[in-house]
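The residues making up each chain are set out below.
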Amino acid sequence: QVQLVESGGGLVQPGGSLRLSCEASGNIFSMTPMGWYRQAPGKQRESVATINSGGRRNYADAVKGRFTISRENVKNTVYLYLQMNSLKPEDTAVYYCNAVILRPGGQTDYWGQGTQVTVSS
C-alpha cells in the first residue's frame, strides 16, 4: 500500500507562484515513478509533470519552462514537489500526486486526494 498526501494549493494571482508538496509513504522507494496530474472542471485528468524510475523528468507542453518537478527521499518517506511559476488562469485545477508501483504482470496507480489550485485576479 502507498499513501499520498498533497498540500500547498490555494488561490494565487496570475503571474504568481505556488509550491505543491506530496508526502508519499508505505511501499514506495526512491526509484518509484511518480508525477503530478491535474483535472480542471469539465475536463479529463491530464499529466503535468512526471519523474520515471531513472529520474528522467517529463513536462506537459503547457507548463514547460514554468513548472519544475523534484523529489526528496527522507528515511522511509518520499516527498514530491511541484514548483509552479508564472501561473496562468488556465492552470486552475485540482492537482493530484501519483505513484506507480510496478508488479509482475502489471502496475498499480496510487493517487492522493488532490489539492485545489486557483489562479485568478
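Anything mentioned here points back to the structure above.
Since the structure is predicted, the reported quantities are computational estimates derived from the model, not experimental observations.

## Section: the overall build of the protein
For step 1, the next point in the chain: Within the protein one finds zero helices and 11 strands.
For step 2, the next point in the chain: The secondary structure elements of the protein, listed N-terminal to C-terminal, are β-β-β-β-β-β-β-β-β-β-β.
For step 3, the next point in the chain: Taking 121 residues into account, the globule formula puts the C-alpha radius of gyration at 14 Å, and the protein, at 14 Å, falls close to it.
For step 4, the next point in the chain: Judged by the C-alpha coordinates and their principal axes, the protein covers about 45 × 30 × 25 Å.
For step 5, the next point in the chain: Considering the protein as a whole, with its 121 residues, one finds that 40% of them fall into the buried category.
For step 6, the next point in the chain: If you take every contact in the protein between residues at least 6 apart in sequence, the share linking residues at least 24 apart comes to 55%.
For step 7, the next point in the chain: Accessible surface computed for the protein: about 6,600 Å², of which carbon and sulfur atoms make up 47%.
For step 8, the next point in the chain: Averaging the coordinates of the 12 positive side-chain charges in the protein and doing the same for the 8 negative ones gives two points 4 Å apart.

## Focus: the pairing of strand 4 (residues 34–39)
For step 1, the next point in the chain: Counting buried positions along strand 4 gives five out of six residues, so the element sits mostly inside the fold.
For step 2, the next point in the chain: Judged from the six bridges that link them, strand 4 and strand 9 (residues 93–103) form a sheet pairing that is antiparallel. Of the residues in strand 9, the one forming a bridge with Arg38 is Tyr95.

Conventions we followed
- Residues numbered from 1 in each chain as written.
- Predicted model: local features only at pLDDT ≥ 70, side-chain atom pairs only at ≥ 80, totals over all residues.
- Heavy atoms only, no water.
- Helix = DSSP H or I, 4+ residues; strand = E, 2+ residues; numbered from the N terminus.
- Rg over C-alpha atoms; globule rule 2.2 N^0.38 Å.
- Buried < 20%, exposed > 50% of the residue type's maximum accessible area, 1.4 Å probe, protein only.
- Contact = heavy atoms within 4.5 Å.
- Areas by Shrake-Rupley, 256 points an atom, 1.4 Å probe, with all protein chains shown as cover.
- Lys, Arg positive; Asp, Glu negative; His and termini not counted.
- Charge placed at Lys NZ, Arg CZ, Asp CG, Glu CD.
- Pairing = 2+ DSSP bridges.

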